[in-house]
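# Report on the structure
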Amino acid sequence: MSIRRRITTTLVFAALAVSVSTASAIWSWKWMGIYTARVTEAQTVVRSVFELSLLVHDFGDKGSERALFQWQRQHERLTSELARMLGELTDPADQALLRRLSADNALMLDGMTRLAQARLNPDAARIAQDTLQLRYNVMASDADRLAAQANERVYARGRLLLVLQVLPLLLLAMTVAAAMAASQRVIRGLNRIADGMATIGQGRFDHRLDVAGKDEFAVLSSGVNHMAEQLQTLYADIAGKVEALSVAKVQAEAAERAKSAFLANMSHEIRTPLNAIIGFADLLRDEQAPVAEREKWLSLQMEASRALVAIVDDILDLSKIEAGRLELEMGSLDPAALAESCVALLTPRAADKGLVIRTEISDDLPQWVLGDAARLRQVLLNLLSNAVKFTANGQVVMSVTRTGVQMRFTVTDTGMGIPADRRQHLFMPFTQLDASVTRRFGGTGLGLAITRRLVEAMQGQITVESQPGAGSRFEVTLPLAIAMPPPPEPGPAAALAALPSYRPLSILLVEDVFANQMLVRTILEKAGHKVTVVENGAEAVRSVAQADNVYDLVLMDVQMPIMDGMEATRRIRQAGHTLPILALTANVLREEREACLDAGMNGHIAKPVTPQALNQAIADIAGFRLTEMEPAPVPPTPATQEDTEPALDRSILDNLLLVVGDDIGVQLLNDALTSFRARVDTIMAAGDDLHRIEREAHSLVSAAGNLGFMPLSRHCRALMIAADAGERAEVARLTAPLPGLCDAVIVQGKRVVEQLAAGQTDA
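Given the structure is predicted, the values throughout are model-derived calculations rather than measurements.

Before going further, it helps to spend a moment on the sheet that holds strand β4 (residues 395-403). Read from one edge of the open sheet, five strands run β2-β4-β5-β7-β6, paired in mixed fashion. Every interior strand has two partners, whereas the edge strands, β2 (356-361) and β6 (461-467), have only one. Ignoring strand direction, the axes of neighbouring strands in this sheet form an average angle of 15°. Looking at chain direction, β4 and strand β5 (residues 406-413) are connected through eight bridges and run antiparallel. Paired with Ser399 across the strands is Thr410, a residue of β5.

To continue, consider the environment of Ala736. The residue Ala736 is located in the loop between α22 (728-735) and α23 (738-757) in this model. For the pair formed by Ala736 and Met684, sequence separation is 52 residues and the distance between their alpha carbons is 8.3 Å.

Phi is positive for Gln459, close to 65°, though the residue is something other than glycine. By the secondary structure assignment, Gln459 is in the loop between α11 (447-457) and β6. A residue is classified by how much of its surface remains accessible, and Gln459, at 63% relative accessible area, is exposed. Positive phi, normally seen in glycine, also occurs at Ile562, with a value near 70°. When you line up the elements, Ile562 lands in the loop between β10 (553-556) and α15 (565-574).

All right, on to the confidence of the model for the protein then. Summary statistics for the protein give a mean pLDDT of 76 and a share of 75% for residues scoring 70 or more. No element of the protein has a lower mean pLDDT than helix α12 (residues 492-497), at 40, and none a higher one than β5, at 94. Overall, residues 435-441 carries pLDDT values under 50, and its contacts beyond four positions in sequence, including any with other chains, amount to nine contacts. Contacts from residues 490-501, a stretch scored under 50 in pLDDT, to residues over four places away or in other chains number seven contacts.

This next bit is on the packing of aromatic side chains. A complete count under the given rule lists one aromatic pair for this structure. Residues Phe676 and Phe709 carry aromatic rings whose centres are separated by 5.9 Å and whose planes lie at 90° to one another, so their mutual orientation is edge-to-face. Here the residue Phe676 occupies a position in helix α19 (residues 662-685), and Phe709 occupies one in the loop between α20 (690-707) and α21 (710-724), the gap between them amounting to 33 residues. For the pair Phe676 and Phe709, one class covers both residues: buried.

Below, the discussion takes up helix α2 (residues 65-88). Here α2 contains 24 residues, and its C-alpha end-to-end distance of 35 Å stays within 8% of the 34 Å for a straight helix at 1.5 Å per residue. Looking only at α2, the buried set comprises Ala67, Leu68, Trp71, Gln74, His75, Leu78, Leu82 and Met85.

What follows is about empty space enclosed by the protein. Within this structure, the stated rule accounts for two cavities of 30 Å³ or more. There is about 40 Å³ of room inside the largest cavity. When residues of the lining of the largest cavity are assigned to their parent elements, the largest contribution, three residues, is made by helix α4 (residues 122-164). Tallied by class, the residues present in the lining of the largest cavity amount to five nonpolar, no polar and three charged. A volume near 30 Å³ is recorded for the second largest cavity. Of all elements in the fold, only α13 (514-526) and α20 reach the threshold of two or more residues within the lining of the second largest cavity.

How each quantity is defined
- Residues numbered from 1 in each chain as written.
- Predicted model: local features only at pLDDT ≥ 70, side-chain atom pairs only at ≥ 80, totals over all residues.
- Heavy atoms only, no water.
- Pairing = 2+ DSSP bridges.
- Helix = DSSP H or I, 4+ residues; strand = E, 2+ residues; numbered from the N terminus.
- Axes fitted to C-alpha atoms, helices over the stretch in contact; angles between N-to-C directions.
- Buried < 20%, exposed > 50% of the residue type's maximum accessible area, 1.4 Å probe, protein only.
- pLDDT = per-residue confidence, 0-100.
- Contact = heavy atoms within 4.5 Å.
- Phe/Tyr/Trp six-rings, centres within 6.5 Å; stacked < 30°, edge-to-face > 60°.
- Expected span 1.5 Å × (residues − 1).
- 1 Å grid on protein atoms, 1.4 Å probe; cavity = no way out; pocket = protein on both sides within 12 Å on 5 of 7 lines; lining within 4 Å.
- Points joined across faces, edges and corners; volume = space filled by probe spheres on them.
- Nonpolar A, V, L, I, M, F, W, Y, C, P; charged D, E, K, R; others polar.

Printed below as a string of structure tokens:
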């Protein structure tokens, strides 16, 4: 072949090669653009799946509504993108991956809905979140495969260009190199993020990924770092809460031990005066004893009663303060006179111990300041009483000074003092400063706890300085503004003149328990009143309407069949009747008393009721004064533990017998004992009928308490409260010992009936 031909042939082949190369280049660039777009779309799918995964974490950990909204938008975009790609791609492998991605993406909506619904249940929310994350991991894997297949097609087109193209070889090589570099960058980025997440998953929450540039991998790295920070904070919070719970558990156990010690001390303190009260009551039954001895016994009994009342008052005061129900009664008070009167009350006790007790009153004190005189008196008497109690010799000084609106009351003694390591427990309830001191001096250990809370309620402060063996100094600082003098009170003659004379009343008694009817009716008739008895609220409403206002007063039980006392009172008021209505019920809580007043009642008498308390309540609401011959009300005997207390408190029964007489007393006892057994049998057969149990227990509370069967009365009160609250376990626990209590009551009651029938007066 000639050179020319060779050249011509070469040129022809070159031209052909150039033509083929150019045509293939144009064709390859066209398809290269298509497959490059597929790579970009696959990367978009990868990024969308990862962003959705991060949003699931953000919503699951924080409950962010914004994250939920972003997830919904991103989910919709991904759904649209997958649908579009499924319509455009024809490769079976691509379509298989896209169908799987579309199906998984559709399932994500249901999983996200479950996560949103389980936010209030941490365990369910965690399971839902983990399920979503696993599904997104599968989707990420499929998206990576989709991107990898697109990359493989790009590589295939690149190799074809190498065969077909001669002139654009360098450009093709550069394109391939660039594609290879991009692919390596994607792989390295994904590997780096995967390694970082694996490290964090092993518990190293302080690990952070390097963030360089502003590309997609920088965004993903930042998201992973944010997730690690959130996990680190979350686990730190959990650790802190676990530690706090551990500390709280230790404190609760310590408080429980202190409370148990307090209850043991309370049992001792309450039983001591009760022993004297019951013992001297038995001695006082001996009519042959000398009058001087009986008066001495009565004096000692009254002293024990006052001590018992003081203990109960301390417990009730602390309970009221702890419950946040302390209400101050502000008025004008004379600080100097108040301090002098408190010291005067403690002077006899101090004199018995050979102590000097005195006051030091500053000359610049105002005559009248605004405060709660009763609570301030309680604070000062607590401090003075402690000072006298713990001082063997020397003096106790009460000083009162003023600085601006701040009034300073200081009690200084020369007593035993307080060690420094025990002062921090000085004002704590349920904690005794020293068990040996408590046994030596007595007391409940509640005085200073109540004192501090009263001072704080009056916006003041209390501090203590003490040296063992050298005495103590308690200082109370209160903001007491200057006030106007109080209005003068009417003299005794004017007060008595304002009260009408005593007259018998026409009283409607509304009571469903026969024993209570007999008791209250007998008390009222012996006082000269005319009594009409009805058994439920409906009869009371009809009786008041028919009587045309002839009744002066209604004594209304609260819990009764057919219609209760609350509804009956409301209907009487709605009918326009304004006669006084007194609640006569075993419900004695403050909320229950307020409910009676809200229903339209004028007052409240708690069962079990004493003749003195009933007569005094009627006298108060009717506006007359009792004659001097009528006994004043006496406080009810406080409760003791049922397991050691006799079935019958004979003093309550004897007090009742003095009013109604032995004959009626025997009748009341016989009827009551029969009723007790029937009602207890009804309770035991009631099963799960809590309403029936509550009704029968309510009847037993007053019926037993009025006759002196206090353990049965208190037990039935607890049963009534538990049944009303729907506490079935507590009802079952309280129901079990009820027959035994009833048997003890019946045995004791029959013994008393026999004694009364035989003309005996001693149990």
